[in-house]
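Structural features, examined
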Amino acid sequence: TLTGEQKEGYKLGRGNVDMALEALPHPSEENIMIFVCGKDGFVETWGGNVVREKTTDGSKGKKIQGPLLGILKDAGYDASQVFKY
């Protein structure tokens, strides 16, 4: 929490593979989708960068998923099970 207050039922600490496997559906389950949203550093840590298509006019290109990396890959999830935005 932002206040440092320990709340019942909440785990404190940095995200890691053990936390992912405890809190999320197991990667071997069928029909799961993990959505990763947040600041760039958070998304990168959990699932890898979201990248943008290159444009010829220098404008921001469309967001594309990029490869699955980070904690979720290390925990055994497949790119088809993770959506980053």
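Residues with a pLDDT of 70 or more make up 95% of the protein, whose mean pLDDT is 90. Of all the helices and strands in the protein, strand E2 (residues 51-52) carries the lowest mean pLDDT, 86, while helix H3 (residues 70-74) carries the highest, 98.

Once that is clear, we can look at helix H2 (residues 40-47). Looking only at H2, the buried set comprises Val43, Trp46 and Gly47. Down the axis of H2, the buried side of the element spans an arc of 75°, and every buried residue falls inside it. Its buried side turned inward, H2 meets helix H1 (17-23), strand E1 (34-36), H3 and strand E4 (82-84).

A separate point is the packing of aromatic side chains. One pass over the structure, following the stated rule, counts 4 aromatic pairs. Note on Phe35 and Tyr85: the rings are 6.4 Å apart at their centroids and 75° apart in plane angle, and the pair reads as edge-to-face. Within this pair, whereas Phe35 is found in strand E1, its partner Tyr85 is found in the segment after E4, the two being separated by 50 residues in sequence. In this structure an aromatic cluster arises from ring pairing among Phe35, Phe83 and Tyr85.

Conventions adopted
Residues numbered from 1 in each chain as written. Predicted model: local features only at pLDDT ≥ 70, side-chain atom pairs only at ≥ 80, totals over all residues. Heavy atoms only, no water. pLDDT = per-residue confidence, 0-100. Helix = DSSP H or I, 4+ residues; strand = E, 2+ residues; numbered from the N terminus. Buried < 20%, exposed > 50% of the residue type's maximum accessible area, 1.4 Å probe, protein only. Arc of directions from axis to C-beta. Contact = heavy atoms within 4.5 Å. Phe/Tyr/Trp six-rings, centres within 6.5 Å; stacked < 30°, edge-to-face > 60°.

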